[in-house]
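One letter stands for each residue in the lines below.
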Amino acid sequence: MRTYENTKISSGLVNASILLYTFWLMLPAVQTTGRAVTGAAAVGIFGLGVLLDIQYVKKHWKWLVPCALCVLALPLVLKVFLLRGGDHFAGFYVQQVMFWFPLAFCAYARRRKDPQLYRFLKWMLFGVMVITTLTTIGWLVEGMFFRGGRVYAYARSLGSAEPGREAYLKELMLKNIGGYDFIYATVISIPLTCIGVQHHRGMKRGVMVAFLCAQAAMIVLSQYTYAMIYAAVILMIQVIAALARMISKGKLSMGSSLLIGVIPLALIFLLHMPLVTLAADLCTRLGLTNFAFSFEQLLVALRGGVTDGESRLGHYMLAAQGFTSSPLIGSMFTSAKQISQHSDILDLLSGVGVIGTMLVGDMIAVIGKGSLKGIRSNPYRAQLLLMLAALLVVALFGTVVYSRDIMLVVAIGILLVMEQDKTSPQKA
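Residues numbered from 1 in each chain as written. Predicted model: local features only at pLDDT ≥ 70, side-chain atom pairs only at ≥ 80, totals over all residues. Heavy atoms only, no water.

Caption draft 1: Layout of the overall build of the protein. Helices and strands together make up the secondary structure of the protein, namely 18 helices and 0 strands. Looking at the 428 residues of the protein, the share that counts as buried comes to 47%. Partitioning the intrachain contacts of the protein with sequence separation of at least 6 by distance along the chain shows that 73% fall at a separation of at least 24. Carbon and sulfur atoms make up 70% of the accessible area of the protein, which amounts to about 21200 Å² in all. (Helix = DSSP H or I, 4+ residues; strand = E, 2+ residues; numbered from the N terminus. Buried < 20%, exposed > 50% of the residue type's maximum accessible area, 1.4 Å probe, protein only. Contact = heavy atoms within 4.5 Å. Areas by Shrake-Rupley, 256 points an atom, 1.4 Å probe, with all protein chains shown as cover.)

Spelled out as structure tokens, the structure:
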């Protein structure tokens, strides 16, 4: 009887931990009010819930212990070898433990095979993302069109790390405006929204289509140029894939149709500069100056720069040079490190080389062991792989280790898609 009660309490605590964490993290107003202690409490509740699952711990401690050790060790690797965290390592360390929490939860829930662990999670994640998307759109429109001719790029402001702006950034978060983390998490989640469109029928499909349109609008309004590029590519692949499946009357598999969607990107890549220039000129002539500004910033990014005029290419080349100078171990045992701070993957290769990168990959695999089990037979495997490919692209041309939103969306998205049949109501 005690074992049953412990298991029931354990499931309740684990479920409460991820619901609390999702509610806190994906609503900026709640996040800035509850502060980091709320996220840390959620992780602590998860740990307590797992420990109360006594029989499971006894049986699977050979995974649980290495998983916990990897979660605790990875922030040290990032600090020592990739120079992440700056001068505030304590805060960064806590943030990183929270960063890996959703992946550990996903692995535990899939291995535990207990739907009670993620009850209400689908609706919680969808609900908070809808709320933050709509409030962000509202404030971005206000900042772009109702400020006396002056553009206030709220989302871009939230991605700034300039000192002395804490009060202003808190004000924006209290308005529930999504910043860098939420925008890029949205970009990576587009395949998940497309799964929702395909999975549902009738009014529910209409809701998912409307949400997809809202996500696209928010990304454009945010003026994050690289986010616009990634989102445009993902949406283009999805649209072409949908047309291919429609023309074939469903005979094409989802994977084949997505591959067809990739082919036209080669032609668009060759013509991307004139196409973006044409779009910027057209918006200018129509008087859509704010959208023209966004396309002009996109041109800057496509030429290898960023909106402040500083070239990212130089940062990437610095990390690439660090890797080529010592491909196997990078600058692991040297004090002079060639780190870009603009690419997690390039910095990983430069900081620890191929050997260290493989070890880091193994540590991540230990944390998420079992998360992708059965993906080959999942009808939405192509969409999940597209989401993971988007994650790798963002990590190659940017940084994701600071973005807990991205890891939450990816890990929970995988869990819900892989387990959706188990959470659906059983037919009589």
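Caption draft 2: Spotlight on the nonpolar core. Core analysis: the biggest nonpolar cluster contains 105 residues, and Met26, Phe105 and Ile367 have the highest contact counts within it. The greatest single-element share of this core, amounting to 13 residues, is contributed by helix H4 (residues 89-112). The residues contacting Ile367, other than those within four sequence positions of it, are Trp63, Cys67, Cys70, Val71, Leu74, Trp100, Leu103, Ala104 and Ala107. (Core = buried A, V, L, I, M, F, W, Y, C linked by side-chain atoms within 4.5 Å.)

Caption draft 3: Geometry of the side chain of Thr132. In this structure, Thr132 sits in helix H5 (residues 121-145). Classification of Thr132 by relative accessible area gives buried; the value is 0%.

Caption draft 4: A nonpolar patch on the surface, seen in detail. A cluster of nonpolar side chains, Leu328, Ile329, Phe333, Val354, Ile355, Met358 and Leu359, forms an exposed patch at the surface whose accessible area comes to about 700 Å². Counting through the fold element by element, Ile355 comes out in helix H15 (residues 344-367). Judged by its relative accessible area of 43%, Ile355 is partly exposed. (Patch = residues over 30% accessible without salt bridge, like charges linked within 9 Å, V, L, I, M, F, W, Y side chains within 5 Å. Salt bridge = Lys/Arg side-chain N within 4 Å of Asp/Glu carboxyl O.)

Caption draft 5: Just unusual backbone geometry, in detail. If you check the backbone angles, Phe120 has positive phi at about 65° while not being a glycine. Counting through the fold element by element, Phe120 comes out in the loop between H4 and H5. By relative accessible area, which is 54% here, Phe120 ends up exposed. The phi dihedral of Gln341 falls on the positive side, at around 60°, and the residue is not glycine. Summarising the element assignment, Gln341 is placed in the loop between helix H14 (312-325) and H15.

Caption draft 6: Structural detail: the packing of helix H9 (residues 202-222) against helix H10 (residues 225-247). It is the contact of H9 with H10, at a shortest axis distance of 9 Å, that shows an interaxial angle of 150°. Here H9 is positioned roughly antiparallel relative to H10, judged by the angle of their axes. Along this stretch, H9 crosses H10, giving a crossing that reads as left-handed. The residues of H10 that touch H9, namely those facing Leu212, Ala216, Ile219 and Val220, are Ala227, Met228, Ala231 and Leu235. Its residues assigned to classes, the contact of H9 with H10 comprises 8 nonpolar, no polar and no charged. (Axes fitted to C-alpha atoms, helices over the stretch in contact; angles between N-to-C directions. Parallel < 35°, antiparallel > 145°, perpendicular 65-115°, else oblique. Left-handed = near helix turned anticlockwise from the far one by under 90°. Nonpolar A, V, L, I, M, F, W, Y, C, P; charged D, E, K, R; others polar.)

Caption draft 7: The arrangement of the pattern of salt bridges in detail. Across all of its chains, the model carries 5 salt bridges by this definition. Close ionic contact of Arg84 with Asp347 constitutes a salt bridge, the shortest N to O distance being 3.0 Å. On the criterion of sequence distance, the pair formed by Arg84 in the loop between helix H3 (54-82) and H4 and Asp347 in helix H15 is long-range, its members being 263 residues apart. This pair shows no difference in class: Arg84 is buried, exactly as Asp347 is. Here Glu171 ties to Lys175 by a salt bridge, and the two come within 3.8 Å at their closest N and O atoms. Classification of Lys175 by relative accessible area gives partly exposed; the value is 21%. Through salt bridges that share partners, Arg84, Asp344 and Asp347 make up one connected network.

Caption draft 8: Representation of H4 within the structure. The end-to-end C-alpha distance of H4, which contains 24 residues, comes to 33 Å, matching closely the 34 Å that a straight helix rising 1.5 Å per residue would cover. Where H4 bends most, the angle comes to about 30°, and this point is Phe101, followed within four residues by the proline Pro102. With 17 of 24 residues buried, H4 lies mostly within the body of the structure. Positive backbone phi, at 55°, marks Lys113, one or two positions downstream of H4. (Expected span 1.5 Å × (residues − 1). Bend = angle between axes of the 7 residues up to and from the residue.)

Caption draft 9: Representation of the packing of aromatic side chains. Scanning the model with the defined rule gives 18 aromatic pairs in all. Each ring, one from Phe126 and one from Phe211, has its centre 5.2 Å from the other, and the planes form 75°; the classification is edge-to-face. Here Phe211 lies in helix H9 and Phe126 lies in helix H5, a separation of 85 residues in the sequence. A relative accessible area of 24% means that Phe126 is categorised as partly exposed. An aromatic cluster is defined as three or more aromatic residues linked by ring pairs; in this entry it consists of Tyr21, Trp24, Phe46, Tyr56, Phe101, Phe105 and Tyr108. The aromatic ring of Trp63 is capped on one face by Arg111, whose charged end is 4.4 Å from the ring centroid. Here Lys175 stacks its cationic end above the ring of Trp139, 4.4 Å away from the centre of that ring. (Phe/Tyr/Trp six-rings, centres within 6.5 Å; stacked < 30°, edge-to-face > 60°. Lys NZ or Arg CZ within 6 Å of the ring centre and 35° of its normal.)

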